[in-house]
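# Reading the structure
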Amino acid sequence: MDQNHNNIYGHYFSKEVKGIIPKTLTWYRSNSRSSSSSSPSSPKSTIAGDKKTVHPAFAINNIKTLIPIILNIKQDEYSSWVFLFELHLQAHRLLFLINGDKPPADVDADTVLQLDALCRQWMFSTMAKDLMLTVLKSGKTAKELWNHLKKLFQDNKGNRAATLERKFVNLKFINCTSIDDYYDKLKSLSDRLLDLDFPMDDKRLVIQLVNGLPEE
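Thresholds, definitions, all that
Residues numbered from 1 in each chain as written. Predicted model: local features only at pLDDT ≥ 70, side-chain atom pairs only at ≥ 80, totals over all residues. Heavy atoms only, no water. Helix = DSSP H or I, 4+ residues; strand = E, 2+ residues; numbered from the N terminus. Buried < 20%, exposed > 50% of the residue type's maximum accessible area, 1.4 Å probe, protein only. Contact = heavy atoms within 4.5 Å. Axes fitted to C-alpha atoms, helices over the stretch in contact; angles between N-to-C directions. Parallel < 35°, antiparallel > 145°, perpendicular 65-115°, else oblique. Left-handed = near helix turned anticlockwise from the far one by under 90°. Nonpolar A, V, L, I, M, F, W, Y, C, P; charged D, E, K, R; others polar. Expected span 1.5 Å × (residues − 1). Core = buried A, V, L, I, M, F, W, Y, C linked by side-chain atoms within 4.5 Å. Salt bridge = Lys/Arg side-chain N within 4 Å of Asp/Glu carboxyl O.

As a further point, take the overall build of the protein. When you go through the protein residue by residue, the secondary structure sums to 10 helices and 0 strands. Each helix and strand of the protein, placed in order from N terminus to C terminus, yields the pattern α-α-α-α-α-α-α-α-α-α. The buried share of the protein, taken over its 216 residues, is 28%. Once local pairs closer than 6 in sequence are excluded, the contacts in the protein between residues at least 24 apart make up 57%.

Below, the structure is given as structure tokens:
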């Protein structure tokens, strides 16, 4: 094919031009092949969609390690449970789930619904079974469930405190297995009264401890 081109060039062009044209054709072919091999392939789609950041609350595997109190209507530990639960929610910017505040701007509506369900699961997981069955359908949101528990535990707070105080005053050493057992029971009753907002100070505890000892 090059020989045919050279014959054509020799027939129509001068000697000077004959030396230039083959070089030009060689350069053109070389660049054409180079351009062809380096031409970009079909553009790949780079639109993968925005990846939603997973809220750190969803990474919690066992809520009981963070809230070790099992809420029980018979144990009077509601205030302690509330303190730990609110502390946990505050650490994850989730207090809005129970106090009615607006959620943070970076948490979308779908995530709020998921977090609300997660919060209710945390509540149920830190309750005694009897209590859980009692309040299982008492609220469709975490806030409704939270308020129901508050009402349940505070409605009879005065009566429960009066009952515990009678037990505290009437507890005697002879009803216990040892002096340590006697003190532990008094301290437990004192702590439960504190949880009901009826605190027993250390002086009262010591007086009751002495009064309950045998005379001899």
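Where helix 8 (residues 157-170) meets helix 9 (residues 179-195), the axes come as close as 10 Å, and the angle between the chain directions of the two elements is 160°. The angle between helix 8 and helix 9 places the two elements in the roughly antiparallel class. Relative to helix 9, helix 8 is oriented so that their crossing is left-handed. Mapping the contact onto sequence places A161, L164, E165, K167 and F168 in helix 8 and L186, L189, S190, R192 and L193 in helix 9. Residue composition of the contact of helix 8 with helix 9, by class: 6 nonpolar, 1 polar and 3 charged.

On to helix 9, then. End to end, helix 9 covers 24 Å across 17 residues, agreeing with the expected 24 Å (1.5 Å per residue, within 8%). Within helix 9 the residues assigned to the buried category are Y182, L186, L189, S190, R192, L193 and D195. The elements touched by buried residues of helix 9 are helix 3 (78-91), helix 8 and helix 10 (202-211). Of the residues trailing helix 9, D197 is marked for its positive phi of about 70°.

One finds W81, F85, W122, M123 and L149 to be the most contacted residues of the largest nonpolar core, which totals 31 residues. Secondary-structure elements contributing two or more residues to this core are helix 3, helix 4 (96-99), helix 5 (109-125), helix 6 (129-135) and helix 7 (142-154). Element by element, the count of residues in this core is highest for helix 5, at 7 residues. Setting aside residues no more than four positions away along its own chain, L149 makes contact with L71, Y78, W81, M123, M127, L131 and V135.

This brings us to unusual backbone geometry. With phi around 55°, R93 is a residue other than glycine that occupies positive phi space. With respect to the secondary-structure elements, R93 resides in the loop between helix 3 and helix 4. Not every positive phi belongs to a glycine, and D197 is a case in point at roughly 70°. Along the chain, the position of D197 falls in the loop between helix 9 and helix 10.

Here we take up the pattern of salt bridges. With the rule as written, the count across this model stands at 6 salt bridges. In this structure, D116 engages R120 in a salt bridge whose closest nitrogen and oxygen atoms are separated by 3.1 Å. With D116 and R120 both in helix 5, this residue pair falls 4 residues apart, about one helical turn. Of the residues examined, D116 reaches a relative accessible area of 12% and is grouped as buried. Note on R120: relative accessible area 21%, which makes it partly exposed. One salt bridge in this structure joins K157 and D197, with 3.0 Å as the shortest N-O distance. One end of the pair, K157, is in helix 8; the other, D197, is in the loop between helix 9 and helix 10, with 40 residues separating them in the sequence.

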